[in-house]
Amino acid sequence: MAGSSAKEQPTATDGRTKVGQKRRAETRAKIIAAAFDIFGEENGLFARIEDVADKAGVTRATFYNHFASMVELREALTSEVTHDFLVAVAQTVAKLPDSREQCTVAVRYYLRRAQKDRRWAWSMLNMSASGEIFGGETFRQAMRTICDGVENGDLPIPSAELGRDILLGATLAAMGSIVKRQMPDNYPESVAGYILCGLGVDRDTARAIAHRPLPELDDAPPA
């Protein structure tokens, strides 16, 4: 019994390991936060490792202890920035039976957030410029939505890949317009409607679907 109890007692090594893990996690979080600040600026696209390291208050060597490259950092940051929002959008649109409305609602959520949060929008634009649009999770979710629409006949287009590129490409371009110039408040609805037209939906139907009341976002993160 005494031997068993001794084994269950935490050791000094265990304590040092936990402290080291905590410090590593904190440093990683500082680097990601610094990258978000930089990518959230208009010229954030041109950020270098040195810029991120300086902003985070770490050395270049420390940066490389956590990320192998700026590409890897962008992937991690994109996941951090988009995951909760994507989950909330995905949960909300999953309740809609029509693939056409799923597309328009998702577009409107992304563009309306861009209207409210320019730093978030700039980070999306800058990170999308050197990787998958809006990050891998959003890219794959968009593909699934388009595939469903093609398969059930809601979206009469030749291929899901074409539909995905129309959906994401037009949304990204519209986000750029929102942060660079003054666009009408209903711009998200206009963009969503014409995206549906590009996906093969007739204009009147597309406009009607795009202007339906926007459902409340499930578990929305703080704006």
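For the structure, check the block above.
From a predicted model like this one, the values you see are computed outputs, not experimental measurements.

The next point concerns the overall build of the protein. Of regular secondary structure, the protein possesses 11 helices and 0 strands. Counting only residues that meet the buried cut, the protein has 43% of its 223 residues in that class. Nonlocal contacts in the protein, meaning residues at least 24 apart in sequence, comprise 72% of its contacts between residues at least 6 apart. Within the structure as shown, the protein displays about 12000 Å² of accessible surface, and the carbon and sulfur contribution to it stands at 52%.

What follows is about the packing of aromatic side chains. The geometry of an aromatic ring pair comes down to the distance between the two centres and the angle between the two planes. For the coordinates displayed, the defined rule picks out 6 aromatic pairs. Here Phe-85 and Tyr-110 contribute two aromatic rings whose centre-to-centre distance is 5.0 Å and whose plane-to-plane angle is 65 degrees, an arrangement assigned as edge-to-face. In this pair, Phe-85 sits in helix H5 (residues 70–93) while Tyr-110 sits in helix H6 (residues 99–116), placing the two residues 25 residues apart along the sequence. Here the aromatic residues Phe-85, Tyr-110, Trp-120 and Phe-134 are joined through ring pairs into a cluster of three or more. Residue placement shows Arg-113 over the ring face of Phe-85; its charged tip is 4.8 Å from the ring centre.

Right, let's talk about the environment of Ala-170 for a bit. Positionally, Ala-170 belongs in helix H9 (residues 160–180). Sequence spacing of Ala-170 and Gly-198 is 28 residues, and the spatial spacing of their C-alpha atoms is 9.8 Å. If we skip the residues at most four places from it in the chain, Ala-170 touches Asp-165, Val-191 and Ile-195.

Let's shift gears to the pattern of salt bridges. Counted under the stated rule, the structure contains 8 salt bridges. Across the pair Arg-48 and Asp-51 runs a salt bridge whose closest N-O atoms are separated by 3.1 Å. Judged by its relative accessible area of 48%, Arg-48 falls in the partly exposed class. Owing to a relative accessible area of 27%, Asp-51 belongs among the partly exposed residues under this scheme.

Criteria and cut-off values
Residues numbered from 1 in each chain as written. Predicted model: local features only at pLDDT ≥ 70, side-chain atom pairs only at ≥ 80, totals over all residues. Heavy atoms only, no water. Helix = DSSP H or I, 4+ residues; strand = E, 2+ residues; numbered from the N terminus. Buried < 20%, exposed > 50% of the residue type's maximum accessible area, 1.4 Å probe, protein only. Contact = heavy atoms within 4.5 Å. Areas by Shrake-Rupley, 256 points an atom, 1.4 Å probe, with all protein chains shown as cover. Phe/Tyr/Trp six-rings, centres within 6.5 Å; stacked < 30°, edge-to-face > 60°. Lys NZ or Arg CZ within 6 Å of the ring centre and 35° of its normal. Salt bridge = Lys/Arg side-chain N within 4 Å of Asp/Glu carboxyl O.

Shape is all these values report; function is a separate question.
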